Each structure stands twice: as C-alpha cells, then as structure tokens.
Amino acid sequence: MTNNTNSKPALKQVSSTKVFDGCHQQYTHDSSKTHCTMRFAIYLPPGASAEHPVPVLYWLSGLTCTDENFMQKAGALKYAAQYGIAIVAPDTSPRGEGVPDDPGYDFGQGAGFYVNATQAPFDIHYQMYDYVVHELPALIEAHFPVTVKKSVIGHSMGGHGALMIALRNPQAYVSASAFSPIVNPTQCPWGIRALTGYLGDSSGAQDEWAQYDTCELMKHAEPADYLPMMVSQGDADNFLSEQLMTPNLIATATQTHYPVQIDMHEGYDHSYYFISSFIEQHIAFHWHKMHTGQLD
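Attention here is on the structure that accompanies the text. (Residues numbered from 1 in each chain as written. Predicted model: local features only at pLDDT ≥ 70, side-chain atom pairs only at ≥ 80, totals over all residues. Heavy atoms only, no water.)

## Section: the overall build of the protein
- Looking only at helices and strands, the protein features 10 helices and nine strands.
- Over its C-alpha atoms the protein spans a radius of gyration of 18 Å, differing by no more than 12% from the 19 Å that the globule rule assigns to 296 residues.
- Dimensions along the principal axes, computed over C-alpha positions, put the protein at roughly 50 × 40 × 35 Å.
- For the protein, restricting intrachain contacts to residue pairs at least 6 apart in sequence, the fraction spanning at least 24 positions comes to 72%.
- Here the protein displays about 12,000 Å² of accessible surface, and carbon together with sulfur accounts for 49% of that area.
- Charged side chains in the protein number 14 positive and 29 negative. The centres of these two groups are separated by 8 Å. (Helix = DSSP H or I, 4+ residues; strand = E, 2+ residues; numbered from the N terminus. Rg over C-alpha atoms; globule rule 2.2 N^0.38 Å. Contact = heavy atoms within 4.5 Å. Areas by Shrake-Rupley, 256 points an atom, 1.4 Å probe, with all protein chains shown as cover. Lys, Arg positive; Asp, Glu negative; His and termini not counted. Charge placed at Lys NZ, Arg CZ, Asp CG, Glu CD.)

What follows is the structure in structure tokens.
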C-alpha cells in the first residue's frame, strides 16, 4: 500500500491482514519528533484508492496501550468498512532503548499523555503532541489514499488527547469524540503526575498545563472555532469521580454553550466492552460530520 519515493519518509511494513474486505496494516518509521522508531496501525476500507480516497479517523489510546488494543478489541473495523472511513491508531508514547521510562503504569512509556515534554530526560523523545498533530497526519496523507478530512477520537488518556488536540486545532479537524476521557488533568492525580513530570511544577510551568486541559481550553474557546464533539461515559466507571471528572466537563460545556454531546451510560465501566458497545455510534457521528464539514 505504500508508494515510497525519495520525497517521502520511509515506512517499514510490519503486518498486513485482510478484514471486512479492507486491509489492516502496521508500520514503523523513524520519527523526527520523538527521535525514535514509532509504530502505527492503519485500516483502509474496501474501495479506498488514489482515485477514491477516504477521510481518516485518528484513534488515540489510553494508558498502557499500543496501536493494537483498539484495532483488536473495539469492533470498529466492521463499521469503518461500512462507512468508508480509514482509521489510524498510533502508539501511546515513544518506546525503545534509550527512551526514558518510569516504573509506574501512568507515566513514561505507554503514558505519553499527548503532550510536548519540556523536562529532562523526557523532553527529547516525549513530543507526542507534535507527533500526533503534525508528523503522523503528514505521513498518512503522503503514503495512503486518504483525503485531508480528518476527525479524532480516543479513550481515557487518549480521550484527553483527542478533545484537547481538537480544541487547540479546530481548523484541522472536522469533529472529535471520546470514551471515558480525562477532561480536567490539571485537577486529577493521573494528570497532575504526568504534567508535573513532563512539564515541571513551577508556577510558570503550571501556567502551561492549561494548554493540555480540555476544560480549561473549552472555557477560552471562541464560538467561531467550536467543533462538533461527543463524549460517552459509563456511570459504573471506577475512575469517574477521581480521575475522569466528567461533571467538570458538563459544567464547563453548560457555561460556555460548547456544542458537546455528553452521554452517560448506565452500568458501563472503563473497559473495551464499553467501547465496543458504542463504537458504531461514534463512527456514524464522525462520518456524518465528515460529509457535512467544510474542509476539502
């Protein structure tokens, strides 16, 4: 599926599997942003070609995940095939020898939090914001039959990434959605640990934390930049009150009149069982926005 030329960054194919008459593939490449080898997965629906390019949905995964969790567990590929949408799933952090790590599951490798780190030793490799926003889309658009129309979706830490990135780049995305997102990381233990470790905890550094906080960004968003958003949250999620803080998002959206649809689902937890139960709703939401949006 690649068409490498000297003008395109090199990709190395890791796997290729036919599924729902489309193709799921994994690739690695040397990243100029994270300064290490990165891996991503892409699903191309049936019929995607240079003559018939398709829009892209970028999936951002949560803590400890790789590109594989969503592609294998969410049941999304069936609906991506039906709706004619490509799905791209990057890894959740830089990895490999020489990339700094931490013993905790909520920091270091597997827990990049989609920020650009400024604190040593993480500042060299942990540039996940730039990787997801700039490098990866450019790579996908150079190598695969896709249009420039793109939306972003994620789960937990990845839900934080999806909403935050969309709020900061409203002209780049058609829509955004999230399952069980961390919406107020400046106020929760997961977020405080990550933002302190990656950005520092001085007064000046804490001022920078807000640029990675969905609630803070939403408070200052201009109505002209409002994007369609949808959030699905289970009310039996063990992380809801301490880490995810969905009520804070509800209050902020109500105060600002931001057009985000927030659905609370009775009895659902934080797992991929929850995601697989409602993934078609999210893909249909993005498909509709992709076909009524203004990006060409």
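## Points about helix α3 (residues 128-143)
- The largest bend along α3 reaches roughly 35° and is located at E135, with the proline P137 sitting one to four residues downstream.
- By the criterion of burial, α3 is predominantly enclosed, with 12 of the 16 residues buried.
- Residues of α3 that are buried: M128, Y129, D130, Y131, V132, V133, E135, L136, P137, L139, I140 and H143.
- Of the surrounding elements, those touching the buried residues of α3 are β2 (22-30), β3 (37-44), β4 (54-60), β5 (86-90), β6 (146-155) and α4 (157-168). (Bend = angle between axes of the 7 residues up to and from the residue. Buried < 20%, exposed > 50% of the residue type's maximum accessible area, 1.4 Å probe, protein only.)

## Some details on the pattern of salt bridges
- Evaluated as defined, the whole model comprises seven salt bridges.
- For the salt bridge of D21 with K18, the shortest nitrogen-to-oxygen distance reads 3.9 Å. Both residues of the pair, D21 and K18, count as exposed. (Salt bridge = Lys/Arg side-chain N within 4 Å of Asp/Glu carboxyl O.)

## A look at the packing of α3 against α4
- For the pair α3 and α4, the least separation of the axes is 12 Å and the interaxial angle reads 65°. By crossing handedness, the relation of α3 to α4 is classed as right-handed. Contacts between α3 and α4 pair Y129, V132 and V133 from the former with M164, I165 and R168 from the latter.
- Of the residues in the contact of α3 with α4, the class split is five nonpolar, no polar and one charged. (Axes fitted to C-alpha atoms, helices over the stretch in contact; angles between N-to-C directions. Left-handed = near helix turned anticlockwise from the far one by under 90°. Nonpolar A, V, L, I, M, F, W, Y, C, P; charged D, E, K, R; others polar.)

## Looking at the sheet that holds strand β9 (residues 260-265)
- Pairing within the open sheet is mixed, and its nine strands lie in the order β1-β2-β3-β5-β4-β6-β7-β8-β9. In this open sheet, the two edge strands, each paired with only one partner strand, are β1 (12-19) and β9. Between one strand axis and the next, the sheet turns through 20° on average, direction left out of account.
- Of the pairings in the sheet, the one linking β3 to β5 comprises four bridges and is antiparallel in character. Within β5, the position partnered with I42 by the bridge is V88.
- Against the sheet, α4 makes contact with β4, β6, β7 (176-179) and β8 (229-234), and its axis sits at roughly 135° relative to β6, the strand it touches most.
- Its contacts with the sheet put helix α9 (residues 246-256) on β8 and β9, and the angle it makes with β9 is roughly 145°. (Pairing = 2+ DSSP bridges.)

## What to know about the packing of aromatic side chains
- Here the structure, examined in full by the defined rule, presents 18 aromatic pairs.
- Here the aromatic rings of Y27 and F144 are separated by 5.4 Å at their centres, their planes lie at 70°, and the arrangement is edge-to-face. Of this pair, Y27 sits in strand β2 while F144 sits in the loop between α3 and β6, placing them 117 residues apart in sequence. Across this residue pair, the class does not change: Y27 and F144 are buried.
- Judged by centre distance (6.4 Å) and plane angle (90°), the ring pair of F40 and F144 falls under edge-to-face. Taken together, the residues span a long stretch of sequence, with F40 in strand β3 and F144 in the loop between α3 and β6 at a distance of 104 residues.
- Connected via pairs of aromatic rings, a cluster forms that spans W59, F70, F179, Y268, F274 and F278.
- Here R168 stacks its cationic end above the ring of Y129, 4.1 Å away from the centre of that ring.
- The cationic tip of R168 hangs over the ring face of Y212; the distance from NZ or CZ to the ring centre is 5.0 Å. (Phe/Tyr/Trp six-rings, centres within 6.5 Å; stacked < 30°, edge-to-face > 60°. Lys NZ or Arg CZ within 6 Å of the ring centre and 35° of its normal.)

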